[in-house]
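# Reading the structure
Here's the letter readout for the chains.
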Amino acid sequence: MSGIAKKLGSALPRHLLPTTQAVKRMITRFADEYGLVYFGYVSQRSDDHHIVRGLTVSTKHIDDHYCIGTYDNYDVVFVERRDSIQGKEHVWHIMEFDLKTDKDIPHTFIGSGTHGKGFHELLSTKYGNLVPTQLGLTRDYLERFKDNFKLYVSAEHAVTIETVITPEAAEIIATHFKGLVVEITDQALYLYSEKSHLTPELLEAMLKNGTWLARTIDINSRSL
């Protein structure tokens, strides 16, 4: 990115963003293969579309490669989001999955300490009440999950979240969610990637892993 682009950051109009046609073709093929509709750039101010919220939403973010549809009975939205934090531009690839549960799910983040630096900055800024929680208060969890992932939830929900993220779920996350950040709300699940290169394999993994986790949350939340 040029020096001028770095200074302008997320204020850049769409036609100046460093988005390649190769990335567009890749995401379009992905959308076609999995039954999503590709819209491209969307404006959070003027377009009639569902805004992907979650941790990274702000008043100045720019969304591109917007896709929406249904996969395996779950409503899915994908977007590439650009924004700046403390003067540094960040690019996130986000998938949102609508949850079907009517239970109150504790607001939760799951991520590793070595990926998603932008997420950790946002988390400490926007959700100071969510603290790193060591799973294992009511159940036994694999050390592999505890060694490689941190779970953030309010102290009052430290026990409740173990009903939603069970040891079995944590084992799958430890194996298949490396490099991703998970956000769970009472209405939606978000998967974030801040990897520098988007690939078809990453898109497929986010879609299939996210659908699996959304269904797992819906099932496990019945016990709340």
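A quick note: this is a predicted structure, and the numbers were derived from the prediction, not measured. (Residues numbered from 1 in each chain as written. Predicted model: local features only at pLDDT ≥ 70, side-chain atom pairs only at ≥ 80, totals over all residues. Heavy atoms only, no water.)

For the protein, the count of helices and strands is seven helices and nine strands. Of the contacts made within the protein by residues no fewer than 6 positions apart, 67% connect residues no fewer than 24 positions apart. Accessible surface, the protein as shown: approximately 11200 Å² in total, 50% of it carbon and sulfur. (Helix = DSSP H or I, 4+ residues; strand = E, 2+ residues; numbered from the N terminus. Contact = heavy atoms within 4.5 Å. Areas by Shrake-Rupley, 256 points an atom, 1.4 Å probe, with all protein chains shown as cover.)

What follows is about the pairing of strand E5 (residues 108-111). Taken residue by residue, a regular strand's side chains alternate between the two faces of the sheet. Here E5 shows a buried face lined by Thr108 and Ile110 and a second buried face lined by Phe109 and Gly111. Judged from the three bridges that link them, E5 and strand E8 (residues 180-184) form a sheet pairing that is antiparallel. Each bridged residue has a counterpart across the sheet, and for Ile110 the counterpart in E8 is Val182. Alignment of E5 against strand E7 (residues 150-153), held across three bridges, turns out to be antiparallel. Each residue of the ladder has a partner; that of Ile110, found in E7, is Leu151. (Buried < 20%, exposed > 50% of the residue type's maximum accessible area, 1.4 Å probe, protein only. Pairing = 2+ DSSP bridges.)

Our focus in this paragraph is the pairing of E8. Counting buried positions over the five residues of E8 gives five, a clear majority of the element. Neither face of E8 is open: one carries Leu180, Val182 and Ile184, the other Val181 and Glu183, and all of them are buried. As paired elements, E8 and strand E9 (residues 188-193) share five bridges and run antiparallel to each other. Each bridged residue has a counterpart across the sheet, and for Val182 the counterpart in E9 is Leu191. Here E8 hands over to E9 after three residues, the two strands then running antiparallel side by side.

Attention now moves to empty space enclosed by the protein. This model, assessed by the stated rule, comprises one cavity of 30 Å³ or more. If you trace the largest cavity, you find it lined by Leu55, Phe109, Ile110, Gly111, Phe119, His120, Leu123, Tyr152 and Val181. Taken together, the elements giving at least two residues each to the lining of the largest cavity come down to E5 and helix H3 (117-126). When grouped by side-chain class, the residues that make up the lining of the largest cavity number seven nonpolar, two polar and no charged. (1 Å grid on protein atoms, 1.4 Å probe; cavity = no way out; pocket = protein on both sides within 12 Å on 5 of 7 lines; lining within 4 Å. Points joined across faces, edges and corners; volume = space filled by probe spheres on them. Nonpolar A, V, L, I, M, F, W, Y, C, P; charged D, E, K, R; others polar.)

With that settled, consider the sheet that holds strand E2 (residues 62-71). Adjacent strands of a sheet form backbone hydrogen bonds with each other and so pair up, either parallel or antiparallel. In space, the nine strands of this open sheet follow the order E1-E2-E3-E4-E9-E8-E5-E7-E6, with antiparallel pairing throughout. Across the chains shown, the open sheet's two edge strands, defined by having one partner strand only, are strand E1 (36-42) and strand E6 (131-133). Neighbour to neighbour, the strand axes of the sheet diverge by 20° on average, direction disregarded. Of the pairings in the sheet, the one linking E1 to E2 comprises five bridges and is antiparallel in character. When the bridges of E2 are listed, Gly40 appears paired with Tyr66. The sheet contacts of helix H2 (residues 21-33) involve E1, E2, strand E3 (74-85) and strand E4 (88-98), and relative to E1 the element is tilted by about 150°. (Axes fitted to C-alpha atoms, helices over the stretch in contact; angles between N-to-C directions.)

This brings us to the packing of H2 against helix H7 (residues 200-220). Their axes nearest at 10 Å, the elements H2 and H7 cross at an angle of 40°. With respect to the hand of their crossing, H2 and H7 are arranged in right-handed fashion. For the pair H2 and H7, the contacting residues are Met26, Ile27 and Phe30 in the first and Pro200, Leu203, Glu204 and Leu207 in the second. (Left-handed = near helix turned anticlockwise from the far one by under 90°.)

On the secondary structure map, Asp63 appears in strand E2. Judged by its relative accessible area of 4%, Asp63 falls in the buried class. Engagement of the side chain of Asp63 in a polar contact is seen with the side chain of Arg81, the distance being 2.8 Å. (Polar contact = N/O pair within 3.5 Å; in protein donor to acceptor, adjacent residues only side chain to side chain.)

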